[in-house]
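Summary of structural features
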Amino acid sequence: MRLVLKSITRGPILYWGKRRMGGSGPFIPILGFASCVVFIYLSFGDLWPAYPVGPAWSFVQRNGTRFVLDGKPFYINGWNSYWLMDHSADYQRKHKASAMLEAGSKMGLTVCRTWAFNDGAHNALQVSPGRFEENVFRALDHVIAEAKAHKVRLLLSLVNNLKAYGGKDRYVKWAWEEGIGLSASNDSFFYDPSIKKYFKHYLQTMLTRKNTVTGVEYRNDPTIFAWELMNEPRCMTDPSGDTIQEWIEEMSAYVKSIDKNHLLTVGLEGFYGPKNPKRLTVNPADWAADLGSDFVSNSKVSHIDFASVHIYPDHWIAHRSFEDKLTFVSKWMLSHIEDGHHELNKPVLFTEFGLSNLNKDFQPSQRDWLYKTVYDIVYKSAQKKGAGGGALMWQLFVEDMDESNDDFGIVPWQRASTYKLITEQSCKLAKLRGAIEESQNLKELCLQKQ
């Protein structure tokens, strides 16, 4: 996705997770200090959100091909809002993230996928290897706390294959600028020992971060549904797939050595590699087998808990009719759900799907048809206790966010038919797992539809 970046005022910098500290300040008498604290609280206490303390949450787990929560199947109707941390780092835009999480919850959506990275770009979380902006980390703390308050879980992506928000290209440039990089190719991200060391430091800092709002380390917080190693990994210089395969094996093992609580996925688009016969019958075109990834072998890695797939028919088979694109979507999804059952014994989550409004023949009703096709296949899989774990639309916004939107984004309540499709899917999946009575939002949303 092509994303728009905004700059903000930076806060204190962290070095490997530790904040730079100056000298000690002047002594303040205890009584005077206590009086000051009371005055500030009484005057400005309502500026800090009060997060209700509810029942303890459990971690989402997997049992074979299904996600489970508290012993029951957990089916996901969710969405992408990549921008939550970025907006939360800016006081003037912070409310947009809170509003989006609240709106998603009221629509019965259970998981939001968002970026937990910004490497060396505007609003950088990681300014350079091992140096972190505390202001931006606190923004991510806020996002996690808000998600918990609205009963939404987060799928947090850890680095980008694309250049937006830094990505693997930024890591390669850091190593090259320090004179320790093996190659200027951005694919050296996957095999350069120095770069892998950078990334492991990042992973350790992220996983062990103690949330300044909740006091809970990220690795111990069930608000986080899962981690995603990379958004859409590709290695064009090694179409065999060996390079990415080795990287996934190494990094997934490293994540699990630190965090054994959370689920982990790769972040794949779902293409079949050159050694997989499905490259000829399911891939959108020949080019898809030469991107250095393979859905089955990458997802089979023992530390990977579930498979991820993206769905962009208008980008992958742009020359085909809209009806052909829907046919492709059905075949694409069913093939991967079948792999989840027969090849992987793991759930399959469709972590991005969408339709561009820049297509020459675009009509809003086409987006509804795509959503309906995706939702129907997920629901039928859930009915049959299959491997289709859910789907996350790309992407949702609230009003007045044109500067961050792309050609796939929607404000869902601005089109009644789209809003109805989304909320009906939430209710259908919640009913399957007997979860409607567990949430006030679901009760209000679903019981009125009966």
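The structure we're discussing is the one just above.
Below you will find a few notes about this structure. As the structure is a prediction and not an experimental result, all values here were calculated from the model. (Residues numbered from 1 in each chain as written. Predicted model: local features only at pLDDT ≥ 70, side-chain atom pairs only at ≥ 80, totals over all residues. Heavy atoms only, no water.)

**Focus on the pattern of salt bridges**
Evaluated as defined, the whole model comprises 25 salt bridges. Between R113 and E352 there is a salt bridge, with its nearest N and O atoms 2.7 Å apart. In this pair, R113 sits in strand β7 (residues 111–115) while E352 sits in strand β14 (residues 348–353), placing the two residues 239 residues apart along the sequence. For R113, a relative accessible area of 0% corresponds to the buried category. Accessibility expressed as a relative area gives 1% for E352, which makes it buried. Where E217 meets R219, a salt bridge forms, and the shortest distance between an N and an O atom there is 2.7 Å. Judged by relative accessible area, E217 falls into the partly exposed class, the value being 24%. Beyond isolated ion pairs, a larger network of salt bridges with shared partners links E134, R138, D141 and R209. (Salt bridge = Lys/Arg side-chain N within 4 Å of Asp/Glu carboxyl O. Helix = DSSP H or I, 4+ residues; strand = E, 2+ residues; numbered from the N terminus. Buried < 20%, exposed > 50% of the residue type's maximum accessible area, 1.4 Å probe, protein only.)

**A closer look at the state of the cysteines**
Within the structure shown, the criterion is met by 1 disulfide. Bridging C427 to C446, the disulfide has an S-S length of 2.2 Å. The S-S bond linking C427 to C446 shows a torsion near -90°; that makes this disulfide left-handed. One end of the pair, C427, is in helix α12 (residues 416–432); the other, C446, is in helix α13 (residues 440–446), with 19 residues separating them in the sequence. Neither C427 nor C446 differs from the other in exposure class; each is buried. (Disulfide = S-S within 2.5 Å.)

**So, the sheet that holds strand β4 (residues 66–69)**
As summarised here, the arrangement of the 3 strands in space is β3-β4-β5, forming an open sheet in which the pairing is antiparallel. Each edge of the open sheet carries a strand with a single partner, namely β3 (61–63) and β5 (72–73). Note that β4 and β5 share 2 bridges and pair antiparallel. In the strand pairing of β5, V68 is matched with P73. (Pairing = 2+ DSSP bridges.)

**Some thoughts on the packing of helix α11 (residues 364–383) against α12**
Closest axis-to-axis distance for the α11/α12 pair is 10 Å, and the angle between their directions is 5°. It follows that α11 is roughly parallel to α12 by the angle criterion. Contacts between α11 and α12 involve D368, Y371, K372, Y375, D376, V378, Y379, A382 and Q383 from the first element and S417, T418, L421, I422, Q425, K428, L429 and L432 from the second. (Axes fitted to C-alpha atoms, helices over the stretch in contact; angles between N-to-C directions. Parallel < 35°, antiparallel > 145°, perpendicular 65-115°, else oblique. Contact = heavy atoms within 4.5 Å.)

**What to know about the packing of aromatic side chains**
For the structure shown, the criterion picks out 35 aromatic pairs. Ring centres of W115 and F117 lie 5.1 Å apart, and the angle between their planes is 25°; this geometry places the pair in the stacked category. We note that W115, like F117, is buried. A centroid spacing of 5.4 Å and a plane angle of 75° characterise the contact between F271 and W287, whose relative ring orientation is edge-to-face. Placement of the pair is F271 in the loop between β12 (263–265) and α8 (295–299) and W287 in the loop between β12 and α8, with a sequence separation of 16 residues. Judged by its relative accessible area of 1%, F271 is buried. Exposure remark for W287: the relative accessible area of 35% places this residue in the partly exposed category. (Phe/Tyr/Trp six-rings, centres within 6.5 Å; stacked < 30°, edge-to-face > 60°.)

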